[in-house]
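Chains, contacts and geometry: an overview
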Amino acid sequence: MAGCGESGDGAGGAWHVSVVKYRRGAGRPAYGAARAAGPLARRDGLSVLGRTGEVRCVDSSGRVLWTAACSGVPNAAHISGGRVLVTTDSLDYTPWGHLGPALLDLADGAPVAELRGASGAVLSGGRFFLGLEGYDVFDTWEYDRDGALVDSWRSYGHYVTGTGIRVVETDRNLPTGSRVVRLLPGGAVERGPALTDPLCPEPLVLADGTILVLDAGVLRAVDRGLGHSVLAELLPVDPDQTWRCRGGLRRSGDRLTVTLAEEHRDRPGKHVVHTWTLALRPGPAAV
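A brief look at the structure comes next.

**Some remarks on the overall build of the chain**
Along its length, the chain carries zero helices and 25 strands. Taking all 287 residues of the chain together, the buried fraction comes to 48%. Long-range pairs, those at least 24 residues apart, make up 44% of the contacts in the chain with a sequence separation of at least 6. Roughly 14100 Å² of accessible area belongs to the chain as shown, and the carbon and sulfur atoms make up 50% of that amount.

**Section: unusual backbone geometry**
Cis geometry is adopted by the peptide bond preceding P175, which originates at L174 and carries an omega value of -5°. Along the chain, P175 turns up in the loop between β16 (165-169) and β17 (179-183). A positive phi is found at D44, a non-glycine position, where the angle reads about 50°. Tracing the backbone shows D44 in the loop between β3 (41-43) and β4 (46-51). By relative accessible area, which is 74% here, D44 ends up exposed. Although it is not a glycine, R172 adopts a positive phi angle of roughly 60°.

Rules of the game
Residues numbered from 1 in each chain as written. Predicted model: local features only at pLDDT ≥ 70, side-chain atom pairs only at ≥ 80, totals over all residues. Heavy atoms only, no water. Helix = DSSP H or I, 4+ residues; strand = E, 2+ residues; numbered from the N terminus. Buried < 20%, exposed > 50% of the residue type's maximum accessible area, 1.4 Å probe, protein only. Contact = heavy atoms within 4.5 Å. Areas by Shrake-Rupley, 256 points an atom, 1.4 Å probe, with all protein chains shown as cover.

Structural data, given as structure tokens:
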């Protein structure tokens, strides 16, 4: 079932995995990882917190510096250039399923701009990225610290930031056109490896910038230059069957936990959950 090896264009060869443990059993898929308790964001002794209908900022002593009302439930915050971008989940049905987000002044919580997007990312210098997918929209927009539109791209998915911004695309289409890409100035998109799953789970990012992507039962590594390799073929899923499977990735030290919930072909709603524990190591593959 699980094969570990290396293929692609030679990147990702800095990392290798081996199966330590495998188990399977009846279960239910995890539809997205639950957000850890605690602040949405921290910066320079300040913490941004959220609860239904409210965003607030506290200092290191827990003193509330400001409170701002919001529509929905805050789910993430991104701080840069003295601003904080807050995205929210909706309490009520909307065509997009999301309300917000809002760009706030970090000093006092005053609104700077009301924007549109489901998920966000940030780079230094007050560069904010928002993305949205659905209803013929598959886009990412860049805004400055004042909420002015700076750039836009025809791409959306999981954002990975560093010296630039890469995207593990999630287009939700069968067949999918999703890839791992890099967003370049002027709306240009540098195309990296093609993906099989139109809805890959959130990737892991290693210290050297390598992205680990669980793609239809295959664990892929994509480096900063978009070079890629296959680390393990755990349970490859046919492209037209990806809708039956939902996966997840977690890391603890040098161990990866990979889960893949597979819906029975003839028993809708019933799943088998496959779980692998993998040893992650740098350097050449063991002989």
